[in-house]
Amino acid sequence: MDILFPGRFSILTKIHEGIIRNILNRYAREGKLYIGLRLIVDENWTNYDNPFTFYERKEMFNIIFGKEIACRKICVVPLKYGLNIRKDMKKFCGKIIPIYTREKIWAWGGKFLGVPTIYEKRDGFSATDIKEKIYEILKNQDKLPDYINEIDIEILNFMNDKERIRTMKDFANHPNEDRGKFGLKKWLKTLMEGKPQT
């Protein structure tokens, strides 16, 4: 069957990779796995708490799951948070499909599959924790180390791009300003003015 696995995926970690391969083997053997990358505003402004755009996060998936994406076993799609989920599912997945997540708000109006017990503890799973670890590193240096246990070496190389390092350093050094700069203010203004999100 087709499955949707949504989340921010601030950084694609080795734990994410293990979970995704588990979903493919357990549920999506006969269907397609849709990876829903959460957006707060749109594809370019992306999450106020995420230094990577939709396209950069999508590229991380291409790096690790290029073969599965090429044969259309995995499809990476943008999803807005909360009540837009059904609309986005119909648009990008073609229909309402079961959702594999720990956060029930994602499963609004759809079949909630949950997460296996093995992944119930968030330790090592949260890209947010790993992202904070990276911010601490970048407060003291201008390059990521050659090895971080939770991140595949190819993803680490992708993140070590000069522009991406600069963006991550901005987030590390000025988190409050960046929340506005990278989308939250725009999102709130959109809500206040009653304009539809694009």
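Bear in mind that the values here come from a model prediction, so they are computed numbers and not experimental data.

What counts, and at which threshold
- Residues numbered from 1 in each chain as written.
- Predicted model: local features only at pLDDT ≥ 70, side-chain atom pairs only at ≥ 80, totals over all residues.
- Heavy atoms only, no water.
- Helix = DSSP H or I, 4+ residues; strand = E, 2+ residues; numbered from the N terminus.
- Buried < 20%, exposed > 50% of the residue type's maximum accessible area, 1.4 Å probe, protein only.
- Contact = heavy atoms within 4.5 Å.
- Areas by Shrake-Rupley, 256 points an atom, 1.4 Å probe, with all protein chains shown as cover.
- Polar contact = N/O pair within 3.5 Å; in protein donor to acceptor, adjacent residues only side chain to side chain.
- Core = buried A, V, L, I, M, F, W, Y, C linked by side-chain atoms within 4.5 Å.
- Axes fitted to C-alpha atoms, helices over the stretch in contact; angles between N-to-C directions.
- Parallel < 35°, antiparallel > 145°, perpendicular 65-115°, else oblique.
- Nonpolar A, V, L, I, M, F, W, Y, C, P; charged D, E, K, R; others polar.

I keep staring at the overall build of the protein chain and nothing clicks. Help me out?
Scanning the protein chain from N- to C-terminus turns up 8 helices and 3 strands. For the protein chain, the sequential pattern of α-helices and β-strands runs β-α-β-α-β-α-α-α-α-α-α. The proportion of buried residues among the 198 residues of the protein chain is 49%. Across the protein chain, every contact between residues at least 6 apart in sequence was considered, and the portion connecting residues at least 24 apart equals 62%. Only carbon and sulfur atoms are counted for the fraction: they give 51% of the accessible area of the protein chain, which is about 10,500 Å².

Would you mind showing me how to read the side chain of N160 here?
In this structure, N160 sits in the loop between α5 (153–159) and α6 (162–173). Side-chain polar atoms of N160 contact the backbone nitrogen of L144, separated by 2.9 Å. Non-local contacts of N160, meaning those with residues more than four positions away in its chain, are made with K143, L144, P145 and I165.

Looking at this structure, how should I read the nonpolar core?
Soluble, globular proteins show a tendency: their nonpolar side chains are buried together. In this structure, I20, L33, I35 and I134 are the most contacted members of the largest nonpolar core, which totals 40 residues. Of all the elements in the fold, those that place two or more residues in this core are β1 (3–7), α1 (14–26), β2 (33–39), α2 (54–70), β3 (74–80), α4 (127–138), α5 and α6. When neighbours within four sequence positions are excluded, L33 is seen to be in contact with I3, F5, I20, I23, L24, A28, K73, I74 and C75. Core analysis: the next-biggest nonpolar cluster, separate from the first, contains 9 residues, L4, I85, I97 and I99 among them.

I would appreciate a short explanation of the packing of α4 against α6 in the present structure.
Packed helix pairs are specified by the crossing angle of their axes together with the interaxial distance, meaning the distance between the axes. Direction vectors running N to C along α4 and α6 enclose 95°, while the axes themselves pass 9 Å from each other. Looking at the two axes, α4 sits roughly perpendicular to α6. The residues of α6 that touch α4, namely those facing I134, Y135 and L138, are I165, M168, K169, F171 and A172. Looking at the contact of α4 with α6 residue by residue, the classes come out as 7 nonpolar, no polar and 1 charged.

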